[in-house]
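Architecture and fold: a report
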Amino acid sequence: MDKHFGTSGGVGDEIDEVQWCFSQVKGAIDDDVADADIISTVEFNHSGELLATGDKGGRVVIFQQEPESKNQPQCRGDYNVYSTFQSHEPEFDYLKSLEIEEKINKIRWLPQKNAAHFLLSTNDKTIKLWKISERDKRPEGYNLKEDDGRYRDPNTVTTLRVPIFRPMDLMVEASPRRVYANAHTYHINSISVNSDCETYLSSDDLRINLWHLEITDRSFNIVDIKPANMEELTEVITASAFHPNQCNTFVYSSSKGAIRLCDMRMSALCDNHAKFFEEPEDPNNRSFFSEITSSISDVNFSHSGRYMMTRDYLSIKIWDLNMETRPVETYQVHEYLRSKLCSLYENDCIFDKFECCWNGNDSVVMTGSYNNFFRMFDRGYRRDVTLEASRENSKPQSVLKPRKVSSGGKRKKDEISVDSLDFNKKILHTAWHPLDNVIAVATTNNLYIFQDKLN
Amino acid sequence: MFPKGTKRKFLDSAEDAATATVAGEQGPASTRTPSPSYSLQRQSLLDMSLIKLQLCHMLVEPNLCRSVLIANTVRQIQEEMTQDGTWQIMTQALAAAQCPTDRLVATEVLCRQSDPAAAAAAGQSPKPYPLVGGLDRGYHSEEVVMEAGDAHKEALPTQSYLAGPFGMGPCWEEEQQQQEEEEEEDGGDEDGEESEGEDVDERPEVDSRPGEQVFGTFEIKQQPPPPPPPDPALEELFSDVDPSYYELDTVLTGMQSAPKMGPYDLLESLSSHGPQPLSPGASCRSDLNELDHIMEIIVGS
């Protein structure tokens, strides 16, 4: 597996040398996008064999990577549909007279312990644990039942036989094993499985709850930032995550651009943080939109657990957990938008919540942008690239050409001017295979899979 | 939506002004006077933000993060304007522009205190709500109204408030009875209207000041520009609206009997261009300037 790793730190492994190729695209081709088909979350499982997507219609679709074919060892297997199920249905809260959207906000896989796969999926209010299991054998040869299920008249039974399992066509079943409901007044924005594999957290705008996977009728509230008087509310929780190795540590980000790290050993209620990460505002860039653009839309620990990454409207910041005063690295995602903030405020794009992700060895980070562009930043070599997910570049194995946006003045050939960007085409959700250079990029209703060019 | 390839010249220059170094322009707060273009852009940003807040509140379950961010932006603008002294000017102009005949006001409280003479006699000086000083109270949940184009100054005492995103919206709260009762009474105007009135009633410091007026609509206009020439589309829209709607009593009666407007009904009635009769709630917005302004923002986005 390591041979696929583009940026494993080997000699000459630079992001320039990693060429990304189109592999597959999933979803409808036509431009008329049904609301329910809008992809709202994308997540690889821990082995990378399974790729789950959630959509606005409450459905989860899981793709499975075909094993590498022996004939073509250099080709990675395609991802094909493995299971599709309706995770959440629209609900009506009778007390408040409002409808609860079925849109899947997040999916998180549990580490695999047996043949079955488990994942958590959540909408605004309810989290569900799903078991996805395969059935490829069925018992045949019952004494009292026919194979089609009809009961035999016992009087006609003259001999006895032992039922045996016979192979059948593979059937993948998804069944809800737990439903964790009624714990959130506000909209759930994150779920995160603990490294202890027994607990997980869920966060909404004002509170974070800790659950035990086995227990559905209660959860512990570990963070509560709701003020006594709601009129004094000026900051909300935007994302949260457990540390990948330390089961007592988690972080949550806020709409003011701050990240708080909490240690559950300190007290039952973690309102007092153990660490507080915030970068002082740059006085040169201060404007009425400063706070909005500093609002963090996603927070992610590195696989190593030493760093965490935050995404705000214009940039990605990498933080060393040992240094609270400022990030160790900052990458500008689309700086050319800084002069357009007023328009983006007017059309609400400034409130778009982009996610970000690490590659398997934490050397490259990726996030989405507008015009179906997505960006990768190589931390080691300090290089970045802009690529596009579009049907035009979807010839199998075709190499993606880097894109460039010109912010004004002279526009070079092949560059796109800021004013021609399509702000309806936004890539909010991306995911990176945990062990390989395979990425999943979600446009509005299509899922693109790209991989690095082998050989 | 941001149409592909469309240049937004005015706004881009507005952005330049709005994103100009606020820090850089700050001299001593009392002596700093912002340039007219900067003031204009800031005002338009304030307008836009208030509209967004209003739209937020029309949703049955608003997005809390978004509301907080917009409210903080409004607060920031208001703080800066208070430092400039322009907030004072704006609220005075607001008071001065009060004119009962064109103004459709929707709150019960306003109806009660609509006598300008009595209000003037109270001798209250216009005063912005101390958002800067009163941070312990956070937002007040009243709304601000300004009338454009009316030059005559009456020494009406006013209390100006900034739309509070949370005080009026027990959507955030588990207890919602109050809000729901208010919504039922509210025949079609903004959801916040009645709750504004309710909130005023509940706050002892407001009631203790006689002669205060609470404004119904919250459209903040720019420094009184001359009213734009009547838009033929809008005139057609209003052509069959009974002018008696402009009478306060008719409005209130109409509101009570009008069917409850859902979150998007107001938007739909505003954006429709056919000559259909508007619901009484929407017709409260008889001020063409305000309607024009809202439609511009909605259609433009």
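The name an unreviewed UniProt entry assigns to chain A is Serine/threonine-protein phosphatase 2A 55 kDa regulatory subunit B, from the organism Hippocampus comes. UniProt lists a comment for chain A under the heading Subunit (unreviewed entry), and it reads "PP2A consists of a common heterodimeric core enzyme, composed of a 36 kDa catalytic subunit (subunit C) and a 65 kDa constant regulatory subunit (PR65 or subunit A), that associates with a variety of regulatory subunits."

1. Brief notes about the overall build of chain A
The number of helices and strands found in chain A is two helices and 32 strands. When each of the 455 residues of chain A is scored for burial, the buried share is 54%. Restricting the contact set of chain A to residue pairs at least 6 apart, pairs at least 24 apart contribute 55%. When the accessible surface of chain A is summed, it comes to about 20600 Å², and 47% of that surface belongs to carbon and sulfur atoms.

2. Some words on the layout of surface pockets
Residue and element names in this part refer to chain A. Of the voids in this model, the second largest pocket is the one considered here, and its volume is about 1000 Å³. Along the wall of the second largest pocket there are 37 residues; nearest its centre are Glu43, His46, Arg108, Asn300 and His303. At the level of secondary structure, the elements contributing two or more residues to the lining of the second largest pocket comprise strand 2 (39–44), strand 8 (106–109), strand 12 (190–193), strand 16 (237–242), strand 20 (298–301), strand 24 (356–358) and strand 30 (429–432). When the residues that make up the lining of the second largest pocket are grouped by side-chain class, the tally is 19 nonpolar, 13 polar and five charged.

3. A few points about the packing of helix 4 (residues 64–84) of chain B against helix 5 (residues 86–96) of chain B
Residue and element names in this part refer to chain B. Packing of helix 4 against helix 5 leaves a shortest axis separation of 5 Å and a crossing angle of 95°. Here helix 4 lies roughly perpendicular to helix 5, going by the angle between them. Residue-level contacts link Gln78, Met81, Thr82 and Asp84 of helix 4 to Thr86, Trp87 and Met90 of helix 5. Here the contact of helix 4 with helix 5 is built from residues that sort into three nonpolar, three polar and one charged.

4. Describing helix 5 of chain B
Within helix 5 of chain B, eight of the eleven residues are buried, which leaves the element mostly enclosed by the surrounding structure. The set of residues buried in helix 5 of chain B consists of Thr86, Trp87, Met90, Thr91, Ala93, Leu94, Ala95 and Ala96 of chain B.

5. Some points on the packing of aromatic side chains
Enumeration according to the criterion identifies 20 aromatic pairs over all chains in this entry. Residue placement shows Arg379 of chain A over the ring face of Tyr307 of chain A; its charged tip is 4.7 Å from the ring centre.

6. Focus: the nonpolar core
If you look at the biggest cluster of nonpolar residues, it comprises 45 residues, and the most contacted ones within it are Tyr313, Leu337, Tyr345 and Ile350 of chain A. Contributions of two or more residues to this core are made by helix 2 (341–346) of chain A together with helix 3 (36–58), helix 4 and helix 5 of chain B. The contact partners of Ile350 of chain A, leaving out residues within four places of it in the chain, are Phe289, Ile292, Thr293, Tyr313, Leu341, Leu344 and Tyr345 of chain A. In terms of nonpolar packing, the next biggest core, distinct from the first, is built from 18 residues, Cys357, Met366, Phe374 and Val441 of chain A among them.

7. Side note on the sheet that holds strand 20 of chain A
Residue and element names in this part refer to chain A. The antiparallel open sheet is built from four strands, whose spatial order is 20-21-22-23. Edge positions in the sheet fall to strand 20 and strand 23 (329–332), since each of these pairs with one other strand and no more. For this sheet the average axis-to-axis angle between neighbouring strands, irrespective of direction, equals 15°. Alignment of strand 21 (residues 307–311) against strand 22 (residues 315–320), held across five bridges, turns out to be antiparallel. Within strand 22, the position partnered with Met308 by the bridge is Trp319.

8. A short note on the packing of helix 3 of chain B against helix 4 of chain B
All names here are of chain B. As a packed pair, helix 3 and helix 4 sit with axes 9 Å apart at the nearest point and diverge in direction by 145°. Both helix 3 and helix 4 take part in a crossing whose hand is left-handed. Facing helix 3, whose interface residues are Tyr38, Arg42, Gln43, Leu45, Leu46, Ser49, Leu50, Lys52, Leu53 and Cys56, helix 4 presents Arg66, Ser67, Ile70, Ala71, Thr73, Val74, Ile77, Glu80, Met81 and Asp84. Of the residues contributing to the contact of helix 3 with helix 4, the split by class is eleven nonpolar, four polar and five charged.

9. Examining the environment of Ser219 of chain A
Residues and elements named next belong to chain A. Along the chain, the position of Ser219 falls in the loop between strand 14 (207–212) and strand 15 (220–224). Owing to a relative accessible area of 26%, Ser219 belongs among the partly exposed residues under this scheme. Excluding residues within four positions of it along the chain, Ser219 makes contact with Ala183, Asn209, Leu210 and Trp211.

10. Some thoughts on the sheet that holds strand 16 of chain A
Strand pairs in the sheet, formed through backbone hydrogen bonds, run parallel or antiparallel to each other. All names here are of chain A. Judged by pairing direction, the sheet is antiparallel, and its four strands sit side by side in the order 16-17-18-19 without closing on themselves. The outermost strands of the open sheet, each flanked by one partner alone, are strand 16 and strand 19 (275–277). On average, each strand axis in the sheet is inclined to that of its neighbour by 20°, with strand direction left out of account. Two strands pair when backbone bridges link them, and strand 17 (residues 249–254) and strand 18 (residues 259–263) are joined in this way by five bridges, in the antiparallel orientation.

11. Here we look at the confidence of the model for chain A
Low pLDDT marks stretches whose predicted atomic positions should not be read closely. In this model, chain A carries an average pLDDT of 92, and 95% of its residues clear a pLDDT of 70 or more. Low pLDDT, under 50, characterises residues 1–15 of chain A; the stretch is placed with 38 contacts to residues that sit more than four places away or in other chains.

12. So, the pattern of salt bridges
If charged atoms from side chains of opposite charge come close, those side chains can pair. Taken as a whole and judged by the stated rule, the model has 33 salt bridges over all chains. Connected through shared salt-bridge partners, Asp37, Asp55 and Arg59 of chain A make up one network.

13. Let's talk about the environment of His429 of chain A
Residue and element names in this part refer to chain A. Structurally, His429 is set in strand 30. With relative accessibility at 10%, the residue His429 sits in the buried group. Residues His429 and Glu355, 74 residues apart in the sequence, show an inter-C-alpha distance of 5.5 Å. What His429 contacts, discounting residues up to four positions off in sequence, is Ile39, Ser40, Thr41, Val42, Glu355, Ala440, Val441 and Ala442. Of note is the side chain of His429, whose polar atom sits 3.1 Å from the backbone oxygen of Ser40.

14. Things to note about the environment of Ala115 of chain A
All names here are of chain A. Within the fold, Ala115 resides in the loop between strand 8 and strand 9 (117–122). Residue classification places Ala115 among the exposed residues on the basis of a relative accessible area of 71%. Note: C-alpha distance between Ala115 and Ile132 (17 residues apart in sequence) is 9.2 Å.

15. Points about unusual backbone geometry
Residues and elements named next belong to chain A. Phi at Cys197 is positive, roughly 60°, even though this residue is not glycine. Secondary-structure assignment places Cys197 in the loop between strand 12 and strand 13 (199–203). By relative accessible area, which is 23% here, Cys197 ends up partly exposed. Here Asp362, not a glycine, exhibits a phi torsion of approximately 65°, which is positive. Structurally, the position occupied by Asp362 is in the loop between strand 24 and strand 25 (364–368).

16. What to know about the pairing of strand 2 of chain A
All names here are of chain A. Burial runs high along strand 2: five of the six residues are buried. Strand direction decides the pairing type here: strand 2 and strand 3 (residues 50–55), joined by five bridges, are antiparallel. For Glu43, the partnering residue across the bridge sits in strand 3 and is Ala52. Counting the residues between successive antiparallel strands, the hairpin from strand 2 to strand 3 contains five residues, one of them, Gly48, with a positive phi of roughly 85°.

17. Observations regarding helix 4 of chain B
All names here are of chain B. The end-to-end C-alpha distance of helix 4 is 30 Å, a good match for the 30 Å that 21 residues give at a rise of 1.5 Å each. Counting buried residues along helix 4, 18 of its 21 residues qualify, which places the element largely inside the surrounding structure. Taking the backbone nitrogen of Cys65 as reference, a side-chain oxygen 3.1 Å away marks Asn63 as the first, capping residue of helix 4.

18. A closer look at the confidence of the model for chain B
Residue and element names in this part refer to chain B. When pLDDT is averaged along chain B, the result is 52, and 24% of the positions lie at 70 or above. When pLDDT is averaged over each helix and strand of chain B, the minimum, 35, is found for helix 13 (residues 265–271) and the maximum, 93, for helix 4. A low-confidence stretch, residues 6–31 stays under pLDDT 50, and its non-local contacts, those more than four residues away or across chains, total 47 contacts. Throughout residues 99–225 the model reports pLDDT below 50, and contacts reaching past four residues in sequence, or to other chains, amount to 305 contacts.

What counts and what doesn't
Residues numbered from 1 in each chain as written. Chains lettered and ligands numbered in written order. Predicted model: local features only at pLDDT ≥ 70, side-chain atom pairs only at ≥ 80, totals over all residues. Heavy atoms only, no water. UniProt positions renumbered as here; feature names shortened; annotations may be inferred. Helix = DSSP H or I, 4+ residues; strand = E, 2+ residues; numbered from the N terminus. Buried < 20%, exposed > 50% of the residue type's maximum accessible area, 1.4 Å probe, protein only. Contact = heavy atoms within 4.5 Å. Areas by Shrake-Rupley, 256 points an atom, 1.4 Å probe, with all protein chains shown as cover. 1 Å grid on protein atoms, 1.4 Å probe; cavity = no way out; pocket = protein on both sides within 12 Å on 5 of 7 lines; lining within 4 Å. Points joined across faces, edges and corners; volume = space filled by probe spheres on them. Nonpolar A, V, L, I, M, F, W, Y, C, P; charged D, E, K, R; others polar. Axes fitted to C-alpha atoms, helices over the stretch in contact; angles between N-to-C directions. Parallel < 35°, antiparallel > 145°, perpendicular 65-115°, else oblique. Phe/Tyr/Trp six-rings, centres within 6.5 Å; stacked < 30°, edge-to-face > 60°. Lys NZ or Arg CZ within 6 Å of the ring centre and 35° of its normal. Core = buried A, V, L, I, M, F, W, Y, C linked by side-chain atoms within 4.5 Å. Pairing = 2+ DSSP bridges. Left-handed = near helix turned anticlockwise from the far one by under 90°. pLDDT = per-residue confidence, 0-100. Salt bridge = Lys/Arg side-chain N within 4 Å of Asp/Glu carboxyl O. Polar contact = N/O pair within 3.5 Å; in protein donor to acceptor, adjacent residues only side chain to side chain. Expected span 1.5 Å × (residues − 1).

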